[in-house]
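Results of the structural survey
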Amino acid sequence: MKDILKRLGIGELNQGALTGLNRLDCQGKVLESASPIDGEILARITQADSAAYDRVSQTAVAAFRQWRDVPAPKRGEVVRQIGTAFRERKKDLGALISLEMGKILAEAEGEVQELIDVCDFAVGQSRMLYGFSMHSERQGHRMFEQYHPLGPVGVITAFNFPVAVWSWNAMLALIAGDTVVWKPSSKVPLCAIAANMIAARVVNDCGFPEGLLNVVVGPGEYIGGRLAADSRLPLISATGSVPMGRRVGEIVLSRLGKPLLELGGNNAVIVTPCADLGLAAQAILFGAVGTAGQRCTTIRRLIVQDSIFDRLKEQLISAYRQVKIGNPLEEGVLMGPLVDIKAVEAMRMALEEIGKYGGKLLYGGEVLSGGIYDVGTYVRPCICEVENSYPIVKKETFAPILYMIRYDAFEQAIELQNDVPQGLTSSIFTNDLRESELFLSSRGSDCGIANVNISTSGAEIGGAFGGEKESGGGRESGSDCWKAYMRRQTSTINWSGKMPLAQGIKFGDL
Ligand code: NAD
């Protein structure tokens, strides 16, 4: 563990504010980063204070003034080299993600791969920052749109994807000509410091200013609040829980900045009688148990037709029995610990509430003990039979609890799926074209993501990622999401030698 940290440039005590490779002196409280695997302290961080935050923000502004003038394909070349640097550090960074966050190594390395994929995507995008041109209604006039860099972008990220969500934002922001101020979750600050330094070294070696990529570690309400209120940052992209999004959204909008919100989900899978149940069970296992149920896209609700409910239940229970729970760095382990004891407590309380409403625990749910488990962060993933109407089912509990809900008629399944405040991801398992098409139609799923015969989790980077309703409405990563990081400008050029007005208005001739 010590070797990995050393290779990633993490010392025993680290500064919580960095402008590129430059570590600023911070005066905030010291934060300990403990591994959920065994409770061991990985390293300490002196958190950013107000003065350090200000320096970071100023440096990001100064760097923006230079970076915006670099041609976009040249910015893309820097991101290409950043991708190469992450390819070289994939194993070490993956191991750090496992150590600090607790996800299994295969998923942690997958997360670094996602970051690399985003770099590749952004490199291509750097030559495709297209604006439309349109025909002017006036003779001898040309009209078009162009996209300019926006400014320094604030990026607030959640603990469960310690580096990928940053990359979705940061790599597109970089090719767009923006600089980045990153406030990571205080549960995974070391991943952020390490990732930012890998990328910042490339920026440095390419001869660009130190303030392109910056990190500030500090409490959400305080340092996150500073970012949200900072009018030097025109865009704040915030990923996390619904209450956090509400708070950040209010602050950013009150200064008429742009919030880009990626918030919690309450994702459902509908399984209909003609589905391939083997395929469904396989997808549900990964979707519900992967990352120990701590993905925004984790399957929380399974809406199953009455006639196949018991068969699918038995199949899932037998699959859950085979899930090896333990040290996420060990081969064969499918589920590591939850991120901390507070998460275990939230799971325990949710299960208690389900019991009060008359829900049935079908499998699992225990907090594990003995040996490595004694740290208190390991749980057995669980399956419960519930009604969709229970208040606890309408909330996102960030833990491996899978709710099974019965339905009778297909339209009812869609109603149940949509009857929650969140609208992030959804999917259906069916071999009936009419069912899948209805699910994807305007009367179907109300989520930002709607899949057929695959899980709600495990999105590819090429599509726009995000959700509706309380899930925040933001879209990140692929498709045309780059536009959020740029300033759109419409221009009309008059080369006619005359001064006609639009809409045929006559206003006197001089
Ligand atoms: P969280 O809301 O507790 O924290 C997220 C980030 O917000 C952290 O960096 C935190 O320090 C910061 N923060 C907290 N309060 C703040 C405030 N008042 N002002 C500014 N910043 C503040 O979430 P978490 O526990 O780290 O992550 C889990 C949540 O994130 C889940 O709800 C999950 O669904 C969601 N999530 C959503 C997506 C998505 O893309 N939609 C992706 C990952 C996680």
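Residues numbered from 1 in each chain as written. Predicted model: local features only at pLDDT ≥ 70, side-chain atom pairs only at ≥ 80, totals over all residues. Heavy atoms only, no water.

Observations regarding the side chain of Thr425
- Examined against the element boundaries, Thr425 turns out to sit in strand β19 (residues 425–429).
- On the basis of relative accessible area, Thr425 is assigned to the buried category, the value being 1%.
- Looking at Thr425, its side chain comes within polar contact range of the main-chain oxygen of Thr456, at 3.5 Å.
- Dropping the residues within four chain positions of it, Thr425 is found in contact with Asn267, Ala268, Thr297, Cys447, Ile449 and Thr456. (Helix = DSSP H or I, 4+ residues; strand = E, 2+ residues; numbered from the N terminus. Buried < 20%, exposed > 50% of the residue type's maximum accessible area, 1.4 Å probe, protein only. Polar contact = N/O pair within 3.5 Å; in protein donor to acceptor, adjacent residues only side chain to side chain. Contact = heavy atoms within 4.5 Å.)

Remarks on the sheet that holds strand β6 (residues 133–134)
- The strand order across the open sheet built from three strands is β6-β7-β24, with neighbouring strands paired in antiparallel fashion. For this open sheet the edge positions go to β6 and β24 (486–494), each flanked by a neighbour on one side alone.
- Alignment of β6 against strand β7 (residues 141–149), held across two bridges, turns out to be antiparallel. Each residue of the ladder has a partner; that of Met134, found in β7, is Met143. (Pairing = 2+ DSSP bridges.)

Regarding the pattern of salt bridges
- All told, the structure shown has 26 salt bridges when counted by the stated rule.
- Note that Glu145 is salt-bridged to Arg488, the shortest N-O span being 3.1 Å. Of the two residues, Glu145 sits in strand β7 while Arg488 sits in strand β24, which places them 343 residues apart along the sequence.
- For Arg406, the salt bridge goes to Asp310, with nearest N and O atoms at 3.6 Å. Note that Arg406 is positioned in strand β17 (residues 401–407) and Asp310 in helix α11 (residues 306–321), a separation of 96 residues in sequence.
- Each member of the salt-bridge network shares a partner with another, and the members are Asp306, Asp310, Lys313, Lys360, Glu385 and Arg406. (Salt bridge = Lys/Arg side-chain N within 4 Å of Asp/Glu carboxyl O.)

A few points about unusual backbone geometry
- Of note in the backbone geometry, Thr291 takes a positive phi value of approximately 55° without being a glycine.
- With respect to the secondary-structure elements, Thr291 resides in the loop between α10 (277–289) and β14 (299–305).
- With relative accessibility at 3%, the residue Thr291 sits in the buried group.
- At Ser477, a residue that is not glycine, the phi angle is positive and equals roughly 80°.

Examining the site of the ligand
- Lining the immediate surroundings of the ligand are 27 residues, of which Thr157, Lys183, Ser241, Leu263 and Glu396 lie closest.
- In this structure, an oxygen atom belonging to the ligand sits 3.5 Å away from a main-chain N or O atom of Ser185.
- Residue Gly220 places a main-chain N or O atom 3.4 Å away from a nitrogen atom belonging to the ligand.
- Protein contact buries 88% of the 850 Å² of open area that the ligand shows by itself.
- At the level of secondary structure, the elements contributing two or more residues to the shell around the ligand comprise α8 (220–229) and α9 (242–254).
- Its residues assigned to classes, the shell around the ligand comprises eleven nonpolar, eleven polar and five charged.
- Each of two domains, domain 1 (2–263 + 472–489) and domain 2 (267–465), supplies a minimum of three residues to the shell around the ligand. (Near = heavy atom within 4 Å. Areas by Shrake-Rupley, 256 points an atom, 1.4 Å probe, with all protein chains shown as cover. Nonpolar A, V, L, I, M, F, W, Y, C, P; charged D, E, K, R; others polar. Domains from an automatic or database assignment.)

Focus on the packing of aromatic side chains
- As enumerated under the stated definition, the model contains nine aromatic pairs in all.
- Arranged with centres 5.8 Å apart and planes meeting at 85°, the rings of Phe159 and Phe398 form a pair that is edge-to-face. Residue Phe159 is found in the loop between β8 (153–156) and α6 (164–176), and its partner Phe398 is found in the loop between β16 (382–385) and β17; the two are separated by 239 residues along the sequence.
- When its relative accessible area of 23% is taken as the criterion, Phe398 is described as partly exposed.
- Members of the aromatic cluster, each reached through a chain of ring pairs, are Phe86, Trp166 and Trp182.
- For the cation-ring pair, Lys103 lies above Phe161, with the distance from its terminal atom to the ring centre recorded as 3.9 Å.
- Over the ring of Phe309 we find Arg406; its NZ or CZ atom is 3.8 Å from the centre of that ring. (Phe/Tyr/Trp six-rings, centres within 6.5 Å; stacked < 30°, edge-to-face > 60°. Lys NZ or Arg CZ within 6 Å of the ring centre and 35° of its normal.)

As for the environment of Leu8
- Relative to the elements of secondary structure, Leu8 occurs in the loop between α1 (2–7) and β1 (13–15).
- The exposure class assigned to Leu8 is buried, which follows from its relative accessible area of 5%.
- In sequence terms Leu8 and Leu96 are 88 residues apart; their C-alpha atoms lie 8.9 Å from each other.
- Not counting residues up to four positions away in its chain, the partners in contact with Leu8 are Arg89, Asp92, Leu93, Leu96, Ala194, Met197 and Ile198.

Here we look at empty space enclosed by the protein
- Tallying each qualifying case throughout the model produces one cavity of 30 Å³ or more.
- By volume, the largest cavity amounts to about 30 Å³.
- Around the largest cavity, the lining residues are Asn266, Asn267, Ala268, Arg301, Gln417, Val420, Gln422, Gly423, Leu424, Thr425 and Cys447.
- Its residues placed into classes, the lining of the largest cavity shows four nonpolar, six polar and one charged. (1 Å grid on protein atoms, 1.4 Å probe; cavity = no way out; pocket = protein on both sides within 12 Å on 5 of 7 lines; lining within 4 Å. Points joined across faces, edges and corners; volume = space filled by probe spheres on them.)

Comments concerning the pairing of β14
- Counting buried positions along β14 yields seven of seven residues, so the element is predominantly enclosed.
- Relative to β14, strand β13 (residues 267–271) runs parallel, the two sharing five bridges. Residue pairing in the sheet places Asn267 in a bridge with Ile299 of β14.
- Considered for its hand, the β-α-β crossover made up of β13, α10 and β14 is right-handed.
- Direction of pairing for β14 relative to β17: parallel, over a ladder of five bridges. Note on β17: the bridge partner recorded for Val304 is Arg406. (Right-handed = clockwise from strand over helix to strand, strands pointing away.)

Considerations on the state of the cysteines
- All chains considered together, the criterion is met by zero disulfides.
- The cysteine Cys382 is free of any disulfide, with Cys384 supplying the nearest cysteine sulfur at 4.3 Å. (Disulfide = S-S within 2.5 Å.)

Comments concerning the side chain of Gln47
- Take Gln47: it is sitting in the loop between β5 (41–46) and α2 (50–67).
- Given the relative accessible area of 9%, Gln47 is considered buried.
- Excluding anything up to four places from it in sequence, Gln47 contacts Cys26, Gln27, Gly28, Lys29, Leu31, Ser186, Val217, Gly218 and Pro219.

Purely spatial values, then, with no claim about function.
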